[in-house]
Structure formats: C-alpha cells, structure tokens
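# Structural overview for review
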Amino acid sequence: MIRILPSALHRSLSRRLTGGLALSVLALGISTTALAEDAQDPIKVGILHSLTGTMAISESTLKDTMLMLIEQQNAQGGLLGRELEPVVVDPASNWPLFAEKARELLAQEEVDVIFGNWTSVSRKSVLPVVEELNGLLFYPVQYEGEESSENVFYTGAAPNQQAIPAVDYLMNEVGVERWVLAGTDYVYPRTTNRILEAYLAANGVGDDDIMVNYTPFGHSDWQNIVSEIKQFGSAGKKTAVVSTVNGDANVPFYRELANQGVDAADIPVVAFSVGEQELSGIDTAPLVGHLAAWNYFMSVDNDANYDFIDAWYDYTGDDEAVTNDPMEAHYIGFNMWLEAVRKAGTTDVDEVKDAIIGVSVPNLTGGYATMMPNHHITKPVLIGEIQDNGQFSVVWETPSTVAGDAWSDFLQGSRDLISDWRAPMRCGNYNVVEGSCGAGAAETLASE
C-alpha cells in the first residue's frame, strides 16, 4: 500500500500524537521500533520529494524510483520478513515545508528511514529535524560538501566527485582558460563555486578570467545573461560555462543558448544538475556537444544498467522513459539501507547507522559503491556529451571509483577537517590540527 499524506490534517494530528501517544509510549520504556517489530507491522519508508513547484521536473521521478524499488523488494519477500510501506509527502519545492514534512514522517508516521530532497537548501531545512528526532535520511543528489551528519547518508556526489574532475577535464583535455560559473542563487552553487574559484586560483587562473553569475529558482529570462557569456568568451581565450543551474530554469537557459548560437565547439557548457530527465523536455539538436558531469548515465553499457532500465520501462509503462544519476543514487542508497538492516537484524536507527559503514553494493556502471566512515560513498566520475537523442555519450571517466570528501581541501577552515562516524571518534568535523571535534558535531572523541 502506498500512503500519500495531505498537509493540514496530518500536521494537526502530529502535534497531538507527539504530545500524547509518543510520550505515553516513552513513559512505558518501549521504543516505537520495538513495538512495530513485535507486531510485525510494515516497515515504513518515507519519500520526501517535491511533486509540485519548480523542482518537480527533477524530483517527481525520484519519488517514482523509490516506489519501484519498494515494490520490487516486496515482491522478493520484503525485509526481515516484513512488508515495506512507502509513505509519500509533497513538500512542493517549499524549503520550510520540507522540515514540516520531515517532522510529519518521523514524529507522526514513525517511518524507519527517509529517502528524499534535491536542493541543498531543502536538505539544510530537514537536517535539524532528522538530527533532533534521530531519523535516517538518504540524500541522492550532488551537493557542495562542507557537511557530515550522523543522521544523513550522502549518496550523491561531493565536489571532489563531480565539480573538481569536471574542471580538470575542461582544463587539461579541452584547454579552457576562462571560466563562467553560472548557478542558481542558493547554498549549493555558491559553496561549489567558492571551492572552484579557490581551485582555479591554485591552478593559476586570475580573477579577470572568472565570471560568476547567480539567478533565482525558476529564472526564465536568460537573454542578457547569455549575451554576457558570449561577450566574456570573445577575449581570445578558450571559455567554458560551469553550470550549477537547478530545476526548470535549465529549459529556458539551454533554449537561449541555442537561440544565440552558443555552440559547444566555441563555449562548452558542463552542467552538474542537468541529466536525461531535464533534457527530455528540450530539443537537444542545437545542444549537441555540451557536457554534463555525473557518476552515472543512462547510456552506460552494462548488464546491471540494462536490467534497471528495463525495470523502469515496465514500471512506468513508457518505453521512452529515461533514467538518470540521482535515480542510481537512490538505487545504491536503498540497497545499502537494506543490507545494513539485514546486517543489524533490526531497523533500529542507531544499529543501522553503525552497520552501514563499510557496506558495499553494486552500482549501475559495473562496479561497487561503498559507504565510507564520513557517510559519503565511493563513485566513478563520468563526463558525458549531449547527443541529439537526449542521451549522453561518455567522453571521459576516472579509472576507478573516488571516495567522497565531506570537507574541501580548497577552503580555509575546511582543509583540516575530517569526518568519521565510527567509535570512538563519532565526529563529523574533527580538526586534525587542533585534535578536537568542532562545534555542531554530534559527539566529541570518547577520550575527551
């Protein structure tokens, strides 16, 4: 059974339940997890993705991906002999509403795990809720790093698994000397671009050869910005656009690039948030040659990938449906969670958090993903070139998987930090120079 929750009614019920029933259960010294397991109730899986608003173009597919994976698992007997029950909410591309919906899932619905979010601003909104209520969140999208929570598992790319390799490719393989850093105006693009500006400076790129531009979510008028990009690229140096534009703003952005004849041979665009799903709404013929950096493409030639695509076709009933990188991240994260629950023999959050570190599961590119002590995973890095059929042809990839860094080596204040959620450290921002766990981490070293 799929449960899709409305808003106001359940917010009201949540307040009453968390104030009454939950306290009564705690007073008896009985955990809600233990009650559910004793009764063999379904294991509840929260799905926290925008189904409406500016991010629905990207997130709706991830909701359906999770429903497919849960359906497949139930067909195989469920988990620990119990059925998985998806509980779907719609935070509607509204960042404060993400926090409300996360609280609803954890406090009222008592889900055992949440798979969700796309933007970093929505994740930042949810973060204090999952930490306060000791929930589990699997986050499937590339992000800016500079974070490691005991309650979050980051299955998308950190900057060293996407942004840095993409710049290396453009610099070393394409000969790019001037850089346009174009992004949506929120934490992921701004922090990623801070990292990239520092990285470019460390590689001898001057300030005059870097142009930075931010636009709001849903931005639609790109004419002046694209004109400025063309002007910036006319200085006689090879120029590229590094794009962290998110959501449905990508459609008019790429359309305006085509309208103004910005050819990939002259000014290539490498995108970090544009995949097969976003391209499905665009005439890609004028965009052939532009690039994207991801850790998976639908075009990957691999049996596991073909099986996943076939399952997606069957589930959607659409043989033109596409798969993309965040879908693979949910596939990996879901299978890691399953394996950790089996390993722990329970859905208890604290036991699953300990059990999941070191878990390895197949990815869809022919290798394995491993959950590291910093709650990031190992991933290959792929550069794909847009084709006229809306797919990507892989033009470059790392020779092996790359472990995600929670803290950037290129930002002051971050380069001395590590994250390790194993005992005895259990710290998300341990300063190796000072020998202490920084402010905001869940725990300090046991020896302190």
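Residues numbered from 1 in each chain as written. Predicted model: local features only at pLDDT ≥ 70, side-chain atom pairs only at ≥ 80, totals over all residues. Heavy atoms only, no water.

### Focus on the overall build of the protein chain
Across its full length, the protein chain carries 14 helices and 20 strands. Counting all 448 residues of the protein chain, 58% fall into the buried class. By sequence separation, contacts in the protein chain at least 24 residues apart represent 67% of the contacts at least 6 residues apart. With the model as given, the accessible surface of the protein chain reaches about 17100 Å², and the carbon-plus-sulfur share is 48%. (Helix = DSSP H or I, 4+ residues; strand = E, 2+ residues; numbered from the N terminus. Buried < 20%, exposed > 50% of the residue type's maximum accessible area, 1.4 Å probe, protein only. Contact = heavy atoms within 4.5 Å. Areas by Shrake-Rupley, 256 points an atom, 1.4 Å probe, with all protein chains shown as cover.)

### Remarks on the side chain of arginine 82
Note on placement: arginine 82 falls in the loop between α4 (56-75) and β3 (84-89). At 2.8 Å, the side chain of arginine 82 and the backbone oxygen of aspartate 41 are in polar contact. (Polar contact = N/O pair within 3.5 Å; in protein donor to acceptor, adjacent residues only side chain to side chain.)

### Structural notes on a nonpolar patch on the surface
A cluster of nonpolar side chains, Ile418, Val432 and Val433, forms an exposed patch at the surface whose accessible area comes to about 260 Å². Turning to its location among the elements, valine 432 is positioned in the loop between β19 (427-431) and β20 (436-437). (Patch = residues over 30% accessible without salt bridge, like charges linked within 9 Å, V, L, I, M, F, W, Y side chains within 5 Å. Salt bridge = Lys/Arg side-chain N within 4 Å of Asp/Glu carboxyl O.)

### Focus: the confidence of the model for the protein chain
Confidence in the prediction of the protein chain, expressed as mean pLDDT, is 90, and 89% of residues score 70 or more. Note that pLDDT drops below 50 for residues 7-38; the model gives that stretch 31 contacts with residues more than four away or on any other chain. Counting interchain partners and residues more than four positions distant, the pLDDT-below-50 stretch residues 439-448 has 21 contacts. (pLDDT = per-residue confidence, 0-100.)

### Let's talk about the environment of threonine 398
Mapping threonine 398 onto the fold places it in the loop between β16 (392-397) and β17 (402-403). Counting along the chain gives 15 residues from threonine 398 to isoleucine 383, while the straight-line C-alpha distance between them is 9.2 Å. When residues no more than four places from it in sequence are discounted, the contact partners of threonine 398 are Pro380 and Val381. A polar atom in the side chain of threonine 398 sits 2.9 Å from the backbone oxygen of serine 400.

### Notes on helix α5 (residues 95-108)
Its 14 residues give α5 an end-to-end C-alpha distance of 20 Å, which sits within 8% of 20 Å, the value for a rise of 1.5 Å per residue. Of all 14 residues in α5, eleven are buried; the element is thus mostly enclosed. Buried within α5 we find Trp95, Leu97, Phe98, Ala99, Lys101, Ala102, Glu104, Leu105, Leu106, Ala107 and Gln108. Just beyond α5, the residue with positive phi is glutamate 110, at close to 55 degrees. (Expected span 1.5 Å × (residues − 1).)

### Quick word on the packing of aromatic side chains
The final tally for this structure, using the stated rule, is 18 aromatic pairs. Here tryptophan 222 and phenylalanine 253 contribute two aromatic rings whose centre-to-centre distance is 4.6 Å and whose plane-to-plane angle is 45 degrees, an arrangement assigned as tilted. Residue tryptophan 222 is located in the loop between β8 (210-215) and α9 (223-232), and its partner phenylalanine 253 is located in helix α10 (residues 250-259); the two are separated by 31 residues in the primary sequence. You can call tryptophan 222 buried: its relative accessible area is 2%. On the basis of relative accessibility, which here comes to 0%, the residue phenylalanine 253 falls in the buried class. Both rings, one in tryptophan 312 and one in tyrosine 315, keep their centres 6.3 Å apart while their planes meet at 15 degrees; by these two values the pair is stacked. Highlighted residues: tryptophan 312 and tyrosine 315, both in helix α12 (residues 303-316), separated by three residues, approximately one helical turn. (Phe/Tyr/Trp six-rings, centres within 6.5 Å; stacked < 30°, edge-to-face > 60°.)

### What about the packing of α4 against α12?
The contact between α4 and α12 brings their axes to 11 Å, and the two run at 100 degrees. In terms of orientation, α4 lies roughly perpendicular with respect to α12. Of α12, the residues touching α4 (which contributes Thr61, Asp64, Thr65, Leu67, Met68, Glu71 and Gln72) are Phe308, Ala311, Trp312 and Tyr315. (Axes fitted to C-alpha atoms, helices over the stretch in contact; angles between N-to-C directions. Parallel < 35°, antiparallel > 145°, perpendicular 65-115°, else oblique.)

### So, the sheet that holds β19
Read from one edge to the other, the open sheet built from three strands follows the order β18-β19-β20, with strand pairing classed as antiparallel. Each of the sheet's edge strands pairs with one partner strand only, and the pair in question is β18 (417-420) and β20. Looking at chain direction, β18 and β19 are connected through three bridges and run antiparallel. In the sheet register, leucine 417 faces β19, and the bridge partner there is asparagine 431. (Pairing = 2+ DSSP bridges.)

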